[in-house]
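# Architecture and fold: a report
If you want the building blocks of each chain, they are given just below.
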Amino acid sequence: MKLHKILMAATACAALLSPVGASAEGVKKIGLAVPNLQADFFNQIKLGVENYGKEKGIEVIVVDAKNDTATQVSQVQDLMTQGIDAFIYIPAGAAAAAVPTRLAREAGIPVINVDRFPEGEPGDTFIGGEGVNSSYQVCSEIIKRAGGAGKMVIIHGQKGTTPEIDRTEGCMKAIGENAGVELVDQQWTERWSADEGFAITQNMLTANPDITMIFGQADGIAMGAAKAVDVANLSDKVIIGGYDGDGSALEYLAKCEGPFVVTATQSTRRMGVLAVDSAIAVANGETVPEKQVSEAVLTTCDNAAEFVANHP
Amino acid sequence: MQTQSRSGASKGTSPLFGSMKGATGPLIGLILLCAFLTVATDTFFSVRNFLNILDQITVLGIMAVGMTFVILIGGIDLAVGSVMALTMMVLGYLNVELGVAMGIAIPASLAAAALNGLVAGILITRFNVPAFIATLAMMSITRGLANMITNGQQIIGFPAWFNMSAIIRYGGFLTLTVALMLVVFVLGLLYQRYRYGGRALYAIGGNPEVARLAGINVTLMTVMVYVVCSVLAGVSGIVLGARLDSVQPSSGVGYELDAIAAVVIGGTSLSGGTGGIGGTVIGVLIIGVLRNGLNLLSVSPFMQQVVIGAVIVLAVTAETFRKRK
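Residues numbered from 1 in each chain as written. Chains lettered and ligands numbered in written order. Predicted model: local features only at pLDDT ≥ 70, side-chain atom pairs only at ≥ 80, totals over all residues.

## Quick notes on the overall build of chain A
Our working rule: In this text, helices come from DSSP runs of H or I with a minimum length of four residues, and strands from runs of E with a minimum of two, each type numbered from the N-terminal end. Atoms considered for the radius of gyration are the C-alpha atoms alone. The globule rule reads 2.2 Å times the number of residues to the power 0.38. Any residue surrounded by 20 or more other C-beta atoms within 10 Å of its C-beta is treated as buried, while 12 or fewer makes it exposed and the intermediate range makes it partly exposed; C-beta atoms here are placed from the backbone. C-beta atoms are placed from the backbone for every residue, and two residues are taken to be in contact when these atoms lie within 7 Å.
Counting its secondary structure elements, chain A contains 11 helices and 12 strands. Relative to a compact globule of 312 residues, whose C-alpha radius of gyration would be 20 Å, chain A shows 20 Å and is just as compact. Overall, chain A is about 60 × 35 × 35 Å in size when its C-alpha atoms are taken along their principal axes. The 312 residues of chain A split such that 56% are buried. A separation threshold of at least 6 residues defines the contact pool for chain A, and within that pool the share at least 24 residues apart is 75%.

Right, dumping it as structure tokens:
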């Protein structure tokens, strides 16, 4: 009830609000629960939170669920035991568990969701990338570079997760707008990983040697796909797009060679900073918007180098 | 009566405590670990935290009891994590999608788990497939089936009491799920100590051929052990579902290794015939306390992996070293 009111108020004054530069008073210790630090995307968010926390004199405690929801619930219990003042929650797995949010509510501390949020139990604010529009841009770029027609495949992320659904929707829109593009195959990975991307692409190329466009829903997948395309000696025929703007992918793009040519760089560090600021704002009784969107930037050979030097 | 009083007098322990035999090393380790964490953090030694730890080990604890029986007879069950996921998905499908009452959905989902154990047991005994391979195959098959039920999607929308059973602490102390784990522990200990079947497990683990010649129905016992292990994996899946208030087919990946680690840390030999539930309870507690303590110490996630691995090595080498002497 109370949460609902806060959210309504938050939406109302979203335009007026600027959480940047809030004072850290009242928040000395922040708990950050991440699904999996092996993924560069989450690691970047963690670095954003940690660096900014240091600046603000806030202690940050990080727990890594290794993609297991049950582990995450246990870890959140332990965070509560340590008396954290605010909780930044990135749910693990496709089933975004509502239980950690309930635990934090019980302890009466702010809950900030980043990237995903549990159905039916949202936190005080949700900070997320915008998946549909950015992946539309990536796929449009792939199609443009491939000459507007040909055979395309999509290698998805973990089935059923919010980013997987959004990125599929965006890319499908781009494919729908180009009548000459034929979607010949789609496969799902379990962990958004490069080795899966590699293996899946090899199989796809075996079944359809004349594929000219590949969209990997994460940079890891795209990098794996690029490797498979290299091995098959098709580097100059295939255009690959990725997503996320991982450090290693940006370095790859900055070299301007190879089949992997376009990605969408998420402002992951900025998301971490935004999460800390929102946590402070909520703890101080200020209102924050229900949803804060951090747009991804289309990245190619032209602008990858500057992101390598300074990750957004 | 005579033997019982003799062993009781010489060891100065109750017969039930006798099943802790071989677990003294791990027990000392657990006590040292607790003592260290009490000094190193100001949050570890509290009733609230101990209750949290009990919450956190329910899934692993119940699963490890079944695994102990399997390892005692010299077998291994790699399918428990997948069986757990399948049980959860069957439960979710029956209760949420089809609207079957929990009173029927829970036994039905456990029956699905039992069927898995039955198939594994028959593969091992009738078709002479090594346990490692048979359960490795079942691990893959069962995981696939669990995914097929909802095409990889999670299921939410269980009745409210289901999640509450993992949250409300009756008498300020026990959640229903923790109580269930304690019941499984006690039943396991009693069975192993006082029933004919419990002692037969050691005989089979020691030497199956001798056990068979001694009149033990080794085939039946082996199949039953895998069935029980699968059912307990199913029970732990239901507990996990209650804890998360949702079920998903990707649950329990790698849990079989956690369960095996708990059993081995607790002093049960992977080659079978020695060890027992008492040690496993200690092993489960060590893993639970360690994970909880490392979080409380704010040890970085990467370092935690190193420490947990090191503790497994330490526990097992200490035990083998002690035996050699």
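Next comes the rest of the description.
## Some words on the overall build of chain B
Assigned secondary structure in chain B consists of 15 helices and 2 strands. Scaling as 2.2 N^0.38, a compact globule of 325 residues should have a C-alpha radius of gyration of about 20 Å, and chain B matches this with 20 Å. Expressed as lengths along the three principal axes of its C-alpha atoms, the size of chain B is roughly 60 × 55 × 40 Å. A buried classification covers 48% of the 325 residues belonging to chain B. Taking the intrachain contacts of chain B between residues at least 6 apart in sequence as the baseline, contacts between residues at least 24 apart amount to 76%.

## Observations concerning the sheet that holds strand β10 (residues 260-265) of chain A
Residues and elements named next belong to chain A. Spelled out, the test is: Whether two strands pair comes down to DSSP finding at least two bridges between them. Axes here mean lines fitted to C-alpha atoms, for a helix over just the part in contact, with angles spanning 0 to 180 degrees between N-to-C directions.
Ordered in space as β7-β6-β8-β9-β10-β12, the 6 strands form an open sheet in which the pairing is mixed. Single-partner strands in this sheet number two, and they are β7 (181-189) and β12 (297-299). Neighbour-to-neighbour, the strand axes of the sheet open up by a mean angle of 15°, direction not taken into account. As paired strands, strand β6 (residues 150-158) and β7 are joined by 8 bridges and run parallel to one another. If you follow Val153 over to β7, its bridge partner there is Asp185. Contacts from helix α6 (residues 162-177) reach β6, β7 and β8 (211-216), with the element oriented near 170° to β6.

## Thoughts on the interface of chain B and chain A
Often, the extent of an interface is quoted as the loss of accessible area upon association of its parts. At the junction of the two partners, chain B supplies 26 residues and chain A supplies 23 residues. Those elements that place two or more of their residues in the side of chain B that touches chain A are α4 (47-72), α12 (218-244) and α14 (277-296) of chain B. When residues of the side of chain B that touches chain A are assigned to their parent elements, the largest contribution, 6 residues, is made by α4(B).

## Side note on the pairing of β8(A)
All names here are of chain A. Rules: Place the viewer so that the strands point away; then a crossover is right-handed whenever the path from the first strand over the helix to the second strand goes clockwise.
For β8, a buried count of 6 out of 6 residues is recorded, marking the element as mostly surrounded by other parts of the structure. Looking at chain direction, β6 and β8 are connected through 5 bridges and run parallel. Of the residues in β8, the one forming a bridge with Val153 is Ile214. Two elements, β8 and strand β9 (residues 239-241), share 3 bridges in a ladder whose sense is parallel. When the sheet's bridge partners are listed, Phe215 is paired in β9 with Gly241. Taken together, β8, helix α8 (residues 219-231) and β9 form a β-α-β motif whose crossover is right-handed.

## Here's the deal with the packing of helix α5 (residues 80-97) of chain B against helix α7 (residues 131-150) of chain B
Residues and elements named next belong to chain B. Under the convention used in this document: Oblique is the label for any angle not covered by the other classes, which are roughly parallel (under 35 degrees), roughly antiparallel (over 145) and roughly perpendicular (65 to 115). A clockwise turn of the near helix away from the far one marks a right-handed crossing, whereas an anticlockwise turn of less than a right angle marks a left-handed crossing.
Axis separation between α5 and α7 bottoms out at 8 Å; the angle between their running directions is 25°. With respect to their mutual orientation, α5 and α7 come out roughly parallel. Crossing of α5 against α7: the hand is left-handed. The segment α5 lies against α7, with Ser82, Val83, Ala85, Leu86, Met89 and Tyr93 engaging Met139, Thr142, Arg143, Leu145, Ala146, Ile149 and Thr150.

## Some thoughts on α4(B)
Residue and element names in this part refer to chain B. The test is simple: Working definition for bend: take the seven residues up to and ending at a residue and the seven starting at it, fit an axis to each, and measure the angle between the axes.
At Thr58, α4 shows its maximal kink, close to 50°. Of all 26 residues that make up α4, 20 are buried, and the element is covered over most of its length. Remark: Gly74 follows α4 within two positions and exhibits a positive phi of approximately 85°.

## What about the domain arrangement of chain A?
Residue and element names in this part refer to chain A. Definition in use: An automatic or database domain assignment supplies the start and end points of every domain. Under this grouping Gly is polar, as are all residues other than the nonpolar Ala, Val, Leu, Ile, Met, Phe, Trp, Tyr, Cys and Pro and the charged Asp, Glu, Lys and Arg.
Domain annotation for chain A reports domain 1 (2-129 + 268-293) and domain 2 (131-244). Opposite the 5 residues of domain 1 that make contact, domain 2 presents 7 residues. Its residues assigned to classes, the side of domain 1 that touches domain 2 comprises 3 nonpolar, 1 polar and 1 charged.

## Observations concerning the confidence of the model for chain A
Counted only if it meets this: pLDDT measures how confident the predictor is about each residue, on a scale from 0 to 100.
Scored by pLDDT, chain A comes out at a mean of 87, with 91% of its residues at no less than 70. Counting contacts from residues 7-22 of chain A, a segment whose pLDDT is below 50, to residues more than four positions away or on other chains yields 22 contacts.

## Focus: helix α5 (residues 131-145) of chain A
Residue and element names in this part refer to chain A. Basically, it comes down to this: Expected helix span is taken as 1.5 Å per residue step, with the number of steps being one fewer than the number of residues.
Compared with an ideal rise of 1.5 Å per residue, which puts 15 residues at 21 Å, α5 spans 21 Å between its outermost C-alpha atoms and is within 8% of the ideal. Listing the buried residues of α5 in full gives Gly131, Ser134, Ser135, Tyr136, Val138, Cys139, Ser140, Glu141, Ile142 and Ile143. Just beyond α5, the residue with positive phi is Gly147, at close to 90°.

## Some points on the sheet that holds strand β3 (residues 86-89) of chain A
Residues and elements named next belong to chain A. Strand order in the open sheet formed by 6 strands is β2-β1-β3-β4-β5-β11, with parallel pairing between adjacent strands. The two strands at the open ends of the sheet, each matched to only one other strand, are β2 (59-64) and β11 (291-294). Neighbour-to-neighbour, the strand axes of the sheet open up by a mean angle of 20°, direction not taken into account. One ladder, built from 4 bridges, connects strand β5 (residues 125-129) with β11; its direction is parallel. When the sheet's bridge partners are listed, Gly129 is paired in β11 with Ser294. Of the strands in this sheet, β1 (29-34), β2 and β3 are in contact with helix α3 (residues 69-81), which crosses β1 at around 175°.

## Remarks on the packing of helix α7 (residues 194-207) of chain A against α8(A)
Residue and element names in this part refer to chain A. Viewed as axis vectors pointing N to C, α7 and α8 meet at an angle of 45°, and their least axial separation amounts to 7 Å. It follows that α7 is oblique to α8 by the angle criterion. Crossing geometry of α7 relative to α8 is assigned as right-handed. In this structure, α7 uses Ala194, Asp195, Glu196, Gly197, Phe198, Thr201, Gln202 and Leu205 to contact α8, whose residues at the interface are Gly220, Ile221, Ala222, Met223, Gly224, Ala225, Lys227, Ala228 and Val229.

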